Amino acid sequence: MVTTYPPVRIVSPPEFDEGTAQTSGSVRLAAIAPQLGIESTLWGGLFEVKPGARTGIHHHGEQQTIAYVLSGICEVRWGTRGEYTASAKAGDFIHVPAFLPHMEINPSDSEPFRWVVVRSTSTPIVVNLPDDAWSVGASVHDNSDTRFQLTRRAVLETGTAAVALLSGGFSHAALGAALPDAEAARAAAPVELQVNGQPYALKLDPRTTLLDALREHLALTGSKKGCDHGQCGACTVLIDGRRINSCLTLAVMHDGQAITTIEGLADNGTLHPLQAAFITHDGFQCGYCTSGQICSATGMLNESRAGMPSYVTENLADAQPELTDAEIRERMSGNICRCAAYPNIVAAIKQTAGLPT
Amino acid sequence: MKSFTYERADSVSRAAAALAQPGAKVIAGGTNLLDLMKLQVESPSQLVDISRLPLDKIEETPAGGLRIGATVRNSDLAADPRVRRHYGLLSRALLAGASAQLRNKATTGGNLLQRTRCYYFYDVTKPCNKREPGSGCAALGGLNRIHAILGASDQCIATHPSDMAVAMRALDAGVEAVNAAGETRAIPIADFHRLPGNTPQIETTLRAGEIITAVTLPPPPPGVQIYRKVRDRASYAFALVSVAAVVEASRGVIRSARLAFGGLAHKPWRVPQAEEGLVGRSANAETFDAAATAVLDGARGYGSNDFKIPLTRRTLHAVLAVATRT
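Quick look at the overall build of chain A
Alright, step 1. Summing up its helical and strand segments, chain A has nine helices and 15 strands in all.
Alright, step 2. The buried share of chain A, taken over its 357 residues, is 43%.
Alright, step 3. Once local pairs closer than 6 in sequence are excluded, the contacts in chain A between residues at least 24 apart make up 68%.

A short note on the pairing of strand E12 (residues 198–204) of chain A
On a regular strand, one side chain projects to one face of the sheet and the next to the other, so that they alternate.
Residue and element names in this part refer to chain A.
Alright, step 1. Two strands pair when backbone bridges link them, and strand E11 (residues 189–195) and E12 are joined in this way by seven bridges, in the antiparallel orientation. By the bridge assignment, Pro190 is partnered in E12 with Lys203.
Alright, step 2. Where E11 folds back on E12, the antiparallel hairpin that results is connected by two residues, among which Asn196 adopts a positive phi of roughly 50°.

Remarks on the sheet that holds strand E5 (residues 66–69) of chain B
Residue and element names in this part refer to chain B.
Alright, step 1. On the basis of which strands lie adjacent, the open sheet formed by five strands has the order E4-E5-E8-E6-E7 and antiparallel pairing. Either end of the sheet is taken by a strand with one partner, and the two such strands are strand E4 (58–60) and strand E7 (184–188). Direction aside, the axes of adjacent strands within the sheet are offset by 25° on average.
Alright, step 2. Pairing analysis gives three bridges linking E4 to E5, with the strands arranged antiparallel. Across the sheet, Glu60 pairs through a bridge with Leu66, a residue of E5.

A closer look at the sheet that holds strand E13 (residues 236–239) of chain A
Residue and element names in this part refer to chain A.
Alright, step 1. If you trace the five strands from one edge of the open sheet to the other, you get E12-E11-E15-E13-E14, paired in mixed fashion. The sheet terminates laterally at E12 and strand E14 (242–245), the two strands that pair on one side only. Averaged over neighbouring strand pairs, the angle between their axes works out to 40° when direction is ignored.
Alright, step 2. Relative to E14, E13 runs antiparallel, the two being bridged by four bridges. Within E14, the residue paired with Val237 across the bridge is Ile244.
Alright, step 3. Sheet contacts for helix H5 (residues 210–217): E11 and E12; angle to E12, the most-contacted strand, approximately 105°.

Re helix H7 (residues 290–305) of chain A
Residues and elements named next belong to chain A.
Alright, step 1. Its 16 residues give H7 an end-to-end C-alpha distance of 22 Å, which sits within 8% of 22 Å, the value for a rise of 1.5 Å per residue.
Alright, step 2. Most of H7 sits out of view: 13 of its 16 residues are buried.
Alright, step 3. Following H7 by one or two positions, Gly307 has its phi on the positive side, about 80°.

Quick word on the confidence of the model for chain B
Alright, step 1. With 100% of its residues at a pLDDT of at least 70, chain B reaches an overall mean of 97.
Alright, step 2. Both scores are given for the predicted complex: the pTM is 0.77, the ipTM 0.97.

Details of the interface of chain A and chain B
Alright, step 1. Opposite the 31 residues of chain A that make contact, chain B presents 28 residues.
Alright, step 2. Those elements that provide at least two residues to the side of chain A that touches chain B are E14, H7 and helix H8 (325–331) of chain A.
Alright, step 3. By residue number, the principal contributor to the side of chain A that touches chain B is E14(A), which donates four residues.
Alright, step 4. Tallied by class, the residues present in the side of chain A that touches chain B amount to 14 nonpolar, 10 polar and seven charged.

Structural notes on the nonpolar core
Alright, step 1. Of all hydrophobic cores here, the largest spans 147 residues; its most connected members are Ala15(B), Leu89(B), Ala167(B) and Ala245(B).
Alright, step 2. When residues of this core are assigned to their parent elements, the largest contribution, seven residues, is made by strand E10 (residues 241–250) of chain B.
Alright, step 3. Look past the residues within four positions of Ala167(B) in its chain and what remains in contact with it is Leu89(B), Leu90(B), Ala93(B), Tyr227(B) and Ala244(B).
Alright, step 4. Residues Val76(A), Ile105(A), Val117(A) and Val118(A) belong to the second largest nonpolar core, which totals 24 residues.

A word on unusual backbone geometry
Residues and elements named next belong to chain B.
Alright, step 1. For Gln40, which is not glycine, the phi dihedral falls at a positive 60°.
Alright, step 2. Here Gln40 shows up in the loop between helix H2 (33–38) and strand E3 (46–49).
Alright, step 3. Notably, Arg251 is not glycine yet its phi reads approximately 45°, a positive angle.
Alright, step 4. Positionally, Arg251 belongs in the loop between E10 and strand E11 (253–262).

Examining the environment of Tyr122(B)
All names here are of chain B.
Alright, step 1. Along the chain, Tyr122 falls in helix H8 (residues 119–122).
Alright, step 2. Look at Tyr122 and you get partly exposed, because 17 C-beta atoms sit within 10 Å.
Alright, step 3. Considering only alpha carbons, one finds Tyr122 and Val41, 81 residues apart in sequence, at a separation of 6.5 Å.
Alright, step 4. Once residues lying within four places of it in the same chain are set aside, the contact partners of Tyr122 are Leu39 and Val41.

Rules used throughout
- Residues numbered from 1 in each chain as written.
- Chains lettered and ligands numbered in written order.
- Predicted model: local features only at pLDDT ≥ 70, side-chain atom pairs only at ≥ 80, totals over all residues.
- Helix = DSSP H or I, 4+ residues; strand = E, 2+ residues; numbered from the N terminus.
- Buried ≥ 20, exposed ≤ 12 C-beta atoms within 10 Å, placed from the backbone.
- Contact = placed C-beta atoms within 7 Å.
- Pairing = 2+ DSSP bridges.
- Axes fitted to C-alpha atoms, helices over the stretch in contact; angles between N-to-C directions.
- Expected span 1.5 Å × (residues − 1).
- pLDDT = per-residue confidence, 0-100.
- Nonpolar A, V, L, I, M, F, W, Y, C, P; charged D, E, K, R; others polar.
- Core = buried A, V, L, I, M, F, W, Y, C linked by C-beta atoms within 7 Å.

The following block contains the structure:
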């Protein structure tokens, strides 16, 4: 049986009229996207592909995607065994049509190249592929296909690097930006963040929250965005040993301060006692709130050791209030767990504090 | 969030000068301001960061009270040994508010200036005279469970959300403010917050370009100090009703009383007649009830908050019973 595949189109600037072709990438994208029926979704996955490495886009049904080649030259391959190819260079848009289940974008040069997903009707799955991807020979329609090496982490990491570039130099360098360059330059503020003992020099829009700086600019995705309004605690980090909601503070306000995230708690590969205790006591189910819970509990134990009282402390004059279950629950009330792992979280904290569980 | 320029102030006077510019706002802890900026309820064009100014000290005053710097964190103030020992009411009120993470950020000055949690103030698709003067009040005929029963107007029935301010009202605190010229002004906390009237968007008596530098507490008052907060959850929720009480009683007779209420009005609520009426009276249900009646003089419910009237009465009963127990 011969399977017919819709062709991948390489849309180069000359397809547009003179004026449009000369303007910024975002204007050109604005021109191409409606022609292809992709207007609504912008997704900023950026991929830097080194010679020998491979990337691919995995599609479902009517999904369509537009990729953009930022630098270098690449070979685009599709078909059952990658039998169809086309070449795309910096400045080209790659239109991945509907009903094309899989395609690859690979280096065709000894130089690395970079590409980005600029529009898609829904978030495409972008995968890093092993060298012998096509040689496995399994059907691309088969969802059990192992050759895509689809790991959530790989996809997430690539996606994170992408967002960093989108919010940094990428938008106005390559695709043209919503902000004119001069305005963007005026808005960006230099910030040095000291995260987990490591200095990072960044230029950030002052609106960037500490959480977004950590996740999207430094790829430290352990701190989670739950409510983004200081109500859930998933974004809890420590600043100079004190727990705060990183979603409700601006990164520029923490220039030079010592920030500890969940990534910085383990000591050289040895889990922090709280991390180990959360595992022992099964202090989570889905795990989304866990990094916030653990950072929060770290700060809470610091506060408790410093003798700080809580709302349920009976005697405020008590210089060292006992850490009862009620105290732990009150002190941890800024961290919500939708799976309701609370009893196990309390047990993990008690174990870490050296209390009988 | 709308775009803004960011400036870290290196002195109070510089901060005050920057604040005098239209569209400028001070940021310290930012826990309420950034929340509102994300929703575009607030959209300052300039943020003046005062979080690193040396306003973070708690000092004893010659009069025997405390002077609390404007950027002292809520958690540090609650944990200060002098506050715990002599102003337990304030410690309790602070610890009753928000979460530990937020208290580690939120400041003394910022707490006084926080905005109401009225749902319609937060929802930019709804009319709100506080957010957009003249647009109307969606809370009047809407869900008003958390809203005011005292001192409201037909323009606004929002409440002030702070616990700390209620304690400070009972303690007769003073708010210290400085302007760009370096002039310091002391504002009694009773006069600091305003009732909504026809200008609910004006919430305090701070003048343009004035920055809060400190809150001062007079010497600790004699008597038992209690902060009782009634809310929907056991922790991490705003007050439906709260009572801050300082009561002196001996042999079953009340010698003096100060009572401030949260969750009832656009500002911490205090009724001198209710307090005076308690002096010299026996500590019994009849006395407490008379005080509650005086506090609730003019109270009015708006539908879903009608329950606050009996709840205030009962909470005051409970607090006075504990305060006068010998």
